[in-house]
Amino acid sequence: MNTTTRPRAARRAIGAIGAALASALMMIPCTTAIAAETSVPIDAAHFPDEAFRRVVQFRYDMNNNGTLSQQELTAVTRIIVGERGIKSAKGIEYFTALTDLDLSNNQLSSVDLSHNTALRGLELGNNQLSSVDLSHNTVLRGLGLGNNQLSSLDVSHNTKLDWLYLADNQLS
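Below: a short report on this structure. Since we're looking at a predicted model, the values are computed, not measured. (Residues numbered from 1 in each chain as written. Predicted model: local features only at pLDDT ≥ 70, side-chain atom pairs only at ≥ 80, totals over all residues. Heavy atoms only, no water.)

**Considering the overall build of the protein chain**
Thought 1: Of regular secondary structure, the protein chain possesses three helices and seven strands.
Thought 2: A buried classification covers 31% of the 172 residues belonging to the protein chain.
Thought 3: Sequence separation of at least 24 residues holds for 19% of the intrachain contacts in the protein chain that already meet a minimum separation of 6.
Thought 4: Looking at the protein chain as shown, the accessible area adds up to about 10,100 Å², and 54% of this sits on carbon and sulfur atoms. (Helix = DSSP H or I, 4+ residues; strand = E, 2+ residues; numbered from the N terminus. Buried < 20%, exposed > 50% of the residue type's maximum accessible area, 1.4 Å probe, protein only. Contact = heavy atoms within 4.5 Å. Areas by Shrake-Rupley, 256 points an atom, 1.4 Å probe, with all protein chains shown as cover.)

Below, the structure written as structure tokens:
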């Protein structure tokens, strides 16, 4: 073998190993950043309503670290928080595995359920809702919206509905 090729081959091998090592080291911060993005702090920025935040903290922060991990979030399939004086459900969007949600008998004037696409049962009765967008909740089977301020409701995307309660609204 030619002695001039041997050092070139060695240099190539070392260069390839160095590039692989550099790539691996560059991935470490990225993995950490992704992990940080998949956890949600239980704070006023993510859960502005103090009553709702308290429920989330005491019921769903299993390791009591003030943050909901992706594992903790996906483990929650049911939230029942009636009669708590909740004015905002902001933060509910992080619970994407929810199948059942009961926020009845609170003080909600709006709610965004567009990220809760697995919902099958939804109770929002006895609030102050004037509108609700359920277009993303296509597997919804039961819906209770009685005693709100709804003047219209579009359930055309909710073809699986078995049960619907709308009494005491302003529907025409």
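Okay, back to it.
**Quick look at the sheet that holds strand S4 (residues 100-102)**
Thought 1: Pairing in this open sheet of five strands is parallel, and the strands run S3-S4-S5-S6-S7 from one edge to the other. Each edge of the sheet is formed by a strand with only one pairing partner; in this case those strands are strand S3 (78-80) and strand S7 (163-165). Direction aside, neighbouring strands of the sheet carry axes that sit 5 degrees apart on average.
Thought 2: The sheet contact formed by strand S5 (residues 121-123) and strand S6 (residues 142-144) spans three bridges and is parallel. Following the sheet pairing, Leu-122 is matched in S6 by Leu-143. (Pairing = 2+ DSSP bridges. Axes fitted to C-alpha atoms, helices over the stretch in contact; angles between N-to-C directions.)

**Observations regarding the side chain of Asn-116**
Thought 1: If you trace the backbone, Asn-116 turns up in the loop between S4 and S5.
Thought 2: At 3.0 Å, the side chain of Asn-116 and the backbone oxygen of Ile-92 are in polar contact.
Thought 3: Residues within four places of Asn-116 in sequence aside, it is in contact with Ile-92, Glu-93, Phe-95, Thr-96, Leu-98 and Asn-137. (Polar contact = N/O pair within 3.5 Å; in protein donor to acceptor, adjacent residues only side chain to side chain.)

**As for the environment of Asp-162**
Thought 1: With respect to the element layout, Asp-162 can be found in the loop between S6 and S7.
Thought 2: It is 5.2 Å that separates the C-alpha atoms of Asp-162 and Arg-141, two residues lying 21 residues apart in sequence.
Thought 3: At 2.5 Å, the side chain of Asp-162 and the side chain of Arg-141 are in polar contact.

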